[in-house]
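One-letter residues, chain by chain:
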Amino acid sequence: MADRALTLSAAGLAAAIFLLLLAPLGALGLSFQGFTLSAAELSALRFTLLQAGLSALISVVLAVPVARALARRRFFGRGVLISTLGAPFILPVIVAVLGLLAVFGRAGWVNGVLAQFGLPVIPIYGLQGVVLAHVFFNMPLAVRMVLHGWEAIPAERFRLAAGLGFTPADISRHIERPMLRAVLPGTALVIFVICLTSFAVALTLGGGPRATTVELAIYQALRFEFDLPSAARLALLQFALCALAYALATRISLPASFGAGQGRAGGPPAPKGWRGPFDAAAITLAAVFIALPLLAVALAGLPGLFSLPSLVWSAAARSLCVALASTAISMVAALVLALAAARGRGWPALAATLPLAASSLVLGTGLFILLQPYIRPASLALPVTVAINAALSLPFAFRILAPEARSLYADYHRLSASLGLTAWGRARWVVLPRLARPLGFAAGLVAALSMGDLGVIALFAGEAEATLPLLVQRLMGAYRIEAAASAALLLVMLSFALFWAFDQWGRRYAAT
Amino acid sequence: MRTLPLALACITLAPMAEAQMPVLNVLTYDSFTSEWGPGPAVEVAFEAVCACDLVFSAVGDGAELLARLQLEGPNSEASVVLGLDTGLTAQAAATGLFAPHGQAGGNDLPVPFADPLFLPYDWGWFAFVYDKAKLPTPPKSFEDLAGSDVKIVIQDPRSSTPGLGLLLWVKAAYGDRAPEIWAALADNIITVTPGWSEAYGMFMAGEADMVLSYTTSPAYHVIAEGDDSKAAAPFAEGHYMQVEVAGKLTHAPQPALADQFLAFMGSEAFQAIIPTTNWMYPAHTPAAGLPDGFDQLITPATSLLMTADEAQSARRPALDEWLTALSR
């Protein structure tokens, strides 16, 4: 019974997601006649694939040693560091770009130090800058996702390995690599698809029109050419790329099968020898790489933080409401889809991945066309923002929950079935305690992302309904660059506080 | 239920319905209506004389405004659209959504400007802004700039109206030589940003020596921040103009109020608000003159401006030239 109800609600959700993503394409007048790409669109496609592929690959490769070091070492400030890993990802794009430039730009700290020693300037603008920024955003996210993989390995495995006299290399081969094989493809997929729709970062740090992405071509088609079918075509292309990447990741990914543990805490053993300094170096380098741009953002925003205009606070309250509402919707949907996917079906995962590739501009414009004949768009600004934020952040929540939901199902399904637990009993005694850690992390990430997202509100917002990200943009547009930096810092602090609260809840709950 | 008070608090943040008065809806761009733009003061001044409720709906920028209007078509709640510029008016006129404004009277623009559909409310010259202390001898022309190692940041003409303005500037000044100029400028351009804010933010952070903005930008720093370190570099070719216009919609729900608003737009009450909120020149110079700080600005000897139709037909080929020159 419980199984059927779950499958049905997951199917309903998946249908709703496909409708939400595809109906706007129809509204834009998508047609398949003459589905060819111009030379400019082809080169945009090439650059998009190149930068997204490199960003995903580098983020994941760098994330593994950092996650491993965090999994097997205990040190002062470890908890804070793990929480801070969520911060880059939730920075508003323009703020993050200015933060990165303060560190790596022409007039940045790194080049300042180099100049002291008479060394040449390292240029940031170009493919390297785009990838650097994407790695800054996504590598910490990858670390968190891989770290969850390590933490989900039952402690009994490591004890058994110790009893058998496994060396660190043996542990890596028999326990860690299978886990990585299960976790990495999904992680790389998420990052690849996020970078697929990158536009402002790619253009600003790419150094010019060479760094044109498909999303910019969509922007141009919608804003300057008013060529709606063309925008719809390009949006469909993004979905197709996402679906392809999804298929590829699914083929590579192999679920790890460890068998159930007793849920004891305790990570992998901390090996001695050269691996000690290596782990210390991995953690230090990652921490510095993440902390420096964050520090730059904080330094830019601190001076004006206490003299912000009062309307910043009502915008902040509005953003908080939007974030909490989106989080509630997104988490329920992600949990249902993850539990359904754990039963071995493919469609819930595809439904929960596709929103990543959605162009929020196309989504917003399509919804605008669909709703406008019936309702005043301005009166829908906040509900539409909540719905779209929930949909766009669903993939992250799903990706974080899915691997652990799968092992939960494999390990406990038969036990709960034989105990005759009701759906509610399962949720209370099996799902919630086992998934608390990823649930907390996912909810934190979704809440923070929903605080920061701006894609859609700008299309609907009237005079009175500015959210904090929109206000940051307005301040910048009015020459108030310092005030904008302060409002952005406030946004980051609020996002981070939300993230931290949910994440801590998950880690606490899981520990008890 | 701890969530109940929270939910209630969230609902009360939604805007309240206004009192019963005729509502004039004006569609404009975001920075016009923001707390720091002309919008709030214009609203107070117009509502004092119109016995109506003036409501601004805002979208991103001028290009977005046109796209929004095309999306809404005849169903738009708006009676007036404010914030298009002459790079976009041909396209806007072609939609058939604009009615003649019927306002008589000239304006104080440096070049003759009259359009039956679109009425100017402010204007400015595009210019490269620099820091006087960091760049003691700024380039004096595009060719001078191309020959120097001065680094600039510009906006993308595919996503921003100043970016489009620069494209038309080079085209108007150099015609068939434009591709050559862009190729020579390529190594001066450190990057291209999606919009004005990112570019100006990068310039202020010291990433670039110059940024594409307006001759009036230094006035903001002088008047609002008491900082006279910024200046605009005069270019020998002349400076391309941005003329910002408003128009009345054919399907205006409040045609009479729309007429009243367009007439008000040319009045002292509206025009005096513009210089220190939109940081542009008002279309009609106020009787009391421009605010202190505007007298320090450069006045280009030559003003460049294509007609709406010229701009429309120049855009596509100029964009292709730009892409070719900078993609190499």
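What counts as what
Residues numbered from 1 in each chain as written. Chains lettered and ligands numbered in written order. Predicted model: local features only at pLDDT ≥ 70, side-chain atom pairs only at ≥ 80, totals over all residues. Helix = DSSP H or I, 4+ residues; strand = E, 2+ residues; numbered from the N terminus. Buried ≥ 20, exposed ≤ 12 C-beta atoms within 10 Å, placed from the backbone. Contact = placed C-beta atoms within 7 Å. Domains from an automatic or database assignment. Axes fitted to C-alpha atoms, helices over the stretch in contact; angles between N-to-C directions. Left-handed = near helix turned anticlockwise from the far one by under 90°. Nonpolar A, V, L, I, M, F, W, Y, C, P; charged D, E, K, R; others polar. Pairing = 2+ DSSP bridges. Expected span 1.5 Å × (residues − 1). Bend = angle between axes of the 7 residues up to and from the residue. pLDDT = per-residue confidence, 0-100. Core = buried A, V, L, I, M, F, W, Y, C linked by C-beta atoms within 7 Å. Parallel < 35°, antiparallel > 145°, perpendicular 65-115°, else oblique.

*Asks:* Any chance you could explain the overall build of chain B here in plain terms?
*Replies:* In terms of helices and strands, chain B carries 13 helices and twelve strands. The principal-axis extents of the C-alpha atoms in chain B amount to approximately 65 × 55 × 45 Å. Each of the 328 residues in chain B was classed as buried or not, and the buried ones make up 52%.

*Asks:* Help me out: how do you make sense of the overall build of chain A in this one?
*Replies:* Within chain A one finds 21 helices and zero strands. The 512 residues of chain A split such that 54% are buried. Contacts in chain A between residues far apart in sequence, at least 24 positions, make up 86% of those at least 6 positions apart.

*Asks:* Whenever I open this one, the domain arrangement of chain B confuses me. Can you help?
*Replies:* Interfaces are frequently sized by the accessible area removed from exposure as the parts join. Residue and element names in this part refer to chain B. Split by domain assignment, chain B resolves into domain 1 (11–123 + 242–294) and domain 2 (125–241 + 299–326). Just the C-alpha atoms count here: the centres of domain 1 and domain 2 sit 26 Å apart. Each partner contributes residues to the interface: domain 1 has 21 residues there, and domain 2 has 20 residues. Counting residues per element, the ones that place at least two in the side of domain 1 that touches domain 2 are α4 (62–72), α5 (89–94) and β10 (239–249). Top contributing element to the side of domain 1 that touches domain 2 by residue count: α5, with three residues.

*Asks:* Would you take a moment to explain the packing of helix α2 (residues 39–72) of chain A against helix α9 (residues 168–196) of chain A for this structure?
*Replies:* Axis angle and axis distance: for two packed helices, these are the angle between their axes and the distance between the axes, and together they describe the pair. Residue and element names in this part refer to chain A. Put simply, α2 and α9 touch, their axes get as near as 8 Å, and they point 140 degrees apart. Here the hand of the crossing between α2 and α9 comes out right-handed. Contacts between α2 and α9 involve Thr48, Gln51, Ala52, Gly53, Ser55, Ala56, Ser59, Val60 and Val64 from the first element and Leu180, Leu184, Thr187, Ala188, Ile191, Phe192, Cys195 and Leu196 from the second. Its residues placed into classes, the contact of α2 with α9 shows eleven nonpolar, six polar and no charged.

*Asks:* Looking at this model, I keep getting lost on unusual backbone geometry. Mind explaining?
*Replies:* A negative phi angle characterises most non-glycine residues, just as the trans form characterises most peptide bonds. Residue and element names in this part refer to chain B. In the Ramachandran plot, alanine 51 falls in the positive-phi region, its phi being about 50 degrees despite a non-glycine side chain. Residue position: alanine 51 is located in the loop between α3 (39–50) and β2 (53–59). A positive phi angle, near 55 degrees, is found at tryptophan 279, a position not held by glycine. By the secondary structure assignment, tryptophan 279 is in the loop between α12 (268–271) and β11 (281–282).

*Asks:* Can you help me understand the interface of chain A and chain B in this one?
*Replies:* Listed as interface residues are 52 residues of chain A and, on the opposing side, 46 residues of chain B. At the level of elements, α5 (93–104), α10 (200–206), α11 (214–225), α14 (311–341), α16 (360–371) and α20 (468–477) of chain A are the ones that each hand at least two residues to the side of chain A that touches chain B. No other element matches the six residues that α11(A) contributes to the side of chain A that touches chain B. The class makeup of the residues in the side of chain A that touches chain B is 32 nonpolar, eleven polar and nine charged.

*Asks:* Which parts of the structure should I look at to understand the pairing of strand β9 (residues 230–233) of chain B?
*Replies:* On a regular strand, one side chain projects to one face of the sheet and the next to the other, so that they alternate. Residue and element names in this part refer to chain B. Both faces of β9 are covered, namely the face carrying Lys230 and Ala232 and the face carrying Ala231 and Ala233. The pairing of strand β5 (residues 119–131) with β9 spans four bridges and is classified as antiparallel. When the bridges of β9 are listed, phenylalanine 128 appears paired with alanine 233.

*Asks:* Just to check I follow, could you spell out α5(A) for this structure?
*Replies:* An α-helical turn contains 3.6 residues, so any two residues separated by three or four positions project in the same direction. Residue and element names in this part refer to chain A. The terminal C-alpha atoms of α5, which comprises twelve residues, lie 16 Å apart, in line with the 16 Å expected from a rise of 1.5 Å per residue. Within α5, eleven of the twelve residues are buried, leaving the element largely enclosed by the surrounding structure. Considered for burial, the residues of α5 that qualify are Ile94, Val95, Ala96, Val97, Leu98, Gly99, Leu100, Leu101, Ala102, Val103 and Phe104.

*Asks:* What is the right way to look at helix α7 (residues 127–151) of chain A in this model?
*Replies:* Residue and element names in this part refer to chain A. In a regular helix each residue adds 1.5 Å, so 25 residues correspond to 36 Å; α7 covers 35 Å between its end C-alpha atoms and thus fits that length. The largest bend in α7 amounts to roughly 35 degrees and is located at phenylalanine 136, with the proline proline 140 lying one to four residues further along. Counted residue by residue, α7 has 22 buried out of 25 residues, so it is predominantly covered.

*Asks:* How should I be thinking about the environment of Pro24(A) in this particular structure?
*Replies:* Mapped onto the fold, Pro24(A) is located in helix α1 (residues 2–27). In sequence terms Pro24(A) and Leu203(A) are 179 residues apart; their C-alpha atoms lie 26 Å from each other.

*Asks:* What's the story with the pairing of strand β6 (residues 152–155) of chain B in this structure? I'm lost.
*Replies:* Residue and element names in this part refer to chain B. A two-sided burial pattern is seen for β6, the buried positions comprising Ile152 and Ile154 on one face and Val153 and Gln155 on the other. In terms of strand pairing, β6 meets strand β7 (residues 189–193) through four bridges, oriented parallel. From the neighbouring strand, glutamine 155 faces β7, where its bridge partner is threonine 193. Pairing analysis gives two bridges linking β6 to strand β8 (residues 210–214), with the strands arranged parallel. When the sheet's bridge partners are listed, isoleucine 152 is paired in β8 with methionine 210.

*Asks:* Can you help me understand the confidence of the model for chain B in this one?
*Replies:* Do not read the predicted coordinates in detail wherever pLDDT is low. All names here are of chain B. Confidence in the prediction of chain B, expressed as mean pLDDT, is 90, and 94% of residues score 70 or more. Between the elements of chain B, mean pLDDT differs from a low of 59, seen in helix α1 (residues 3–12), to a high of 97, seen in β8. Reported confidence for the predicted complex is 0.83 by ipTM and 0.86 by pTM.

*Asks:* Even after reading the chapter, I still don't get the nonpolar core, so can you show me in this structure?
*Replies:* Note that soluble globular proteins tend to have their nonpolar side chains buried in a common cluster. Counting residues in hydrophobic clusters, the biggest one holds 280 residues, and the most contacted among them are Ala334(A), Leu337(A), Leu401(A) and Ala442(A). Residue contributions to this core peak at 19 residues, all from helix α17 (residues 381–419) of chain A. The two domains that each donate at least three residues to this core are domain 1 (11–123 + 242–294) and domain 2 (125–241 + 299–326) of chain B. Aside from chain neighbours lying at most four places away, what touches Leu337(A) is Ala10(A), Leu13(A), Pro348(A), Ala351(A), Ala352(A) and Phe398(A).

*Asks:* Sorry if this is basic, but what is going on with the confidence of the model for chain A here?
*Replies:* A residue-level look at chain A finds 89% of positions with pLDDT of 70 or above and a mean pLDDT of 83. The spread of mean pLDDT over the elements of chain A runs between helix α19 (residues 457–460) of chain A, the lowest at 62, and α2(A), the highest at 91.

*Asks:* Got a minute to help me understand the packing of α2(A) against α11(A) in this structure?
*Replies:* All names here are of chain A. The contact between α2 and α11 brings their axes to 8 Å, and the two run at 140 degrees. Comparing the axis directions of α2 and α11 gives the class oblique. In this structure, α2 contributes Glu41, Ala44, Leu45 and Thr48 to the contact, and α11 contributes Val214, Leu216 and Ala217. Residues of the contact of α2 with α11, tallied by class, amount to five nonpolar, one polar and one charged.

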